[in-house]
Amino acid sequence: MTEDITDDDLKASADAARLTCACFALRQAARQITRLYEAKMAHLGLSAGQFSILTALVLHDEANFTDLATGLGMDRTSLSRALRPLERSGFVTLSPEGRKRRRTAKIAPAGRQKYAEALPFWQQAQAKAARQFGQRDWPALAVQLSDLVETHT
């Protein structure tokens, strides 16, 4: 700790950060929301992250790792690690590494089936999240979060 700041000043600054920091609040909310979605889908053996990956692949059928990672807000290494269990489960197929490290992921028929099976539970989680955030405020919050992501990808 620097000599020019007291412990009380440091605590006051930390309290202000806790109350006003966008990163702190968004990460805290993300953890809470992730727990909600994962609880709804746990019996299916899918995590919220895996559901997101399957969502992207349902939309695009097949995508290269770079585009898929960018669309999901992940780095390629994290995406690669997240895809392995989906591949082992037969939900996605991964191409061998080609020229310029271009690999693709493609949703498999079992992945489409698992996604369809998960949708009602996602809808339940979505409805509960909307209730928690407030039915009136949820649509605006969802748009704001989407806009935030769009401006930074």
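This structure is a prediction, so every number in the text was calculated from the model and none was measured.

Peer 1: Is there a simple way to explain the overall build of the protein in this structure?
Peer 2: For the protein, the count of helices and strands is seven helices and three strands. N-terminal to C-terminal, the α/β element order of the protein is α-α-α-β-α-α-β-β-α-α. Taking 15 Å as the expected radius of gyration for a compact globule of 153 residues, we find that the protein reaches 19 Å, considerably beyond that expectation. Along the three orthogonal principal directions, the C-alpha set of the protein runs to about 60 × 40 × 30 Å. Looking at the protein as a whole, 25% of its 153 residues are labelled buried. Surface exposure of the protein reaches about 10,300 Å², of which carbon and sulfur atoms provide 55%. On the protein, the mean spot of the 21 positive side-chain charges and the mean spot of the 17 negative ones are 10 Å from each other.

Peer 1: How should I be thinking about the layout of surface pockets in this particular structure?
Peer 2: Over the atoms rolls a probe the size of a water molecule, and its path tells where empty space is left. Of the pockets and cavities examined, the largest pocket occupies roughly 1,800 Å³. If you trace the largest pocket, you find 39 residues lining it, with Ile33, Thr34, Ser52, Leu72 and Val149 closest to the centre. At the level of secondary structure, the elements contributing two or more residues to the lining of the largest pocket comprise helix 2 (22–41), helix 3 (48–60), helix 4 (65–72), helix 6 (109–133) and helix 7 (138–151). The element best represented in the lining of the largest pocket is helix 2, accounting for ten residues. Each residue belonging to the lining of the largest pocket can be placed in one class, and the counts come to 26 nonpolar, eight polar and five charged.

Peer 1: Looking at this structure, I do not really get a nonpolar patch on the surface. What am I missing?
Peer 2: Taken together, the side chains of Leu26, Leu145 and Leu148 define a hydrophobic patch exposed on the protein surface, amounting to about 230 Å² of accessible area. Following the sequence through the fold, leucine 148 ends up in helix 7.

Peer 1: Looking at this model, I keep getting lost on the packing of helix 2 against helix 6. Mind explaining?
Peer 2: Two packed helices can be described by the angle between their axes and the distance between those axes. The interhelical angle for the contact between helix 2 and helix 6, taken along N-to-C directions, is 145°, at an axis separation of 8 Å. Crossing of helix 2 over helix 6 shows right-handed handedness. Judged by residue contacts, Gln32, Ile33, Leu36, Tyr37, Lys40 and Met41 of helix 2 engage Ala118, Phe121, Trp122, Gln124, Ala125, Gln126, Lys128, Ala129, Gln132 and Phe133 from helix 6.

Peer 1: Would you mind going over the sheet that holds strand 3 (residues 104–107) with me for this structure?
Peer 2: Strand pairing within a sheet occurs via backbone hydrogen bonds; the two strands may be parallel or antiparallel. Spatially, three strands are ordered 1-3-2 in an open sheet, and the strand pairing comes out antiparallel. The open sheet is flanked by strand 1 (62–64) and strand 2 (92–94), the only strands paired with a single partner. Direction aside, the axes of adjacent strands within the sheet are offset by 20° on average. Strand direction decides the pairing type here: strand 1 and strand 3, joined by three bridges, are antiparallel. By the bridge assignment for strand 3, glutamate 62 is matched with lysine 106.

Basis of the calculations
- Residues numbered from 1 in each chain as written.
- Predicted model: local features only at pLDDT ≥ 70, side-chain atom pairs only at ≥ 80, totals over all residues.
- Heavy atoms only, no water.
- Helix = DSSP H or I, 4+ residues; strand = E, 2+ residues; numbered from the N terminus.
- Rg over C-alpha atoms; globule rule 2.2 N^0.38 Å.
- Buried < 20%, exposed > 50% of the residue type's maximum accessible area, 1.4 Å probe, protein only.
- Areas by Shrake-Rupley, 256 points an atom, 1.4 Å probe, with all protein chains shown as cover.
- Lys, Arg positive; Asp, Glu negative; His and termini not counted.
- Charge placed at Lys NZ, Arg CZ, Asp CG, Glu CD.
- 1 Å grid on protein atoms, 1.4 Å probe; cavity = no way out; pocket = protein on both sides within 12 Å on 5 of 7 lines; lining within 4 Å.
- Points joined across faces, edges and corners; volume = space filled by probe spheres on them.
- Nonpolar A, V, L, I, M, F, W, Y, C, P; charged D, E, K, R; others polar.
- Patch = residues over 30% accessible without salt bridge, like charges linked within 9 Å, V, L, I, M, F, W, Y side chains within 5 Å.
- Salt bridge = Lys/Arg side-chain N within 4 Å of Asp/Glu carboxyl O.
- Axes fitted to C-alpha atoms, helices over the stretch in contact; angles between N-to-C directions.
- Left-handed = near helix turned anticlockwise from the far one by under 90°.
- Contact = heavy atoms within 4.5 Å.
- Pairing = 2+ DSSP bridges.

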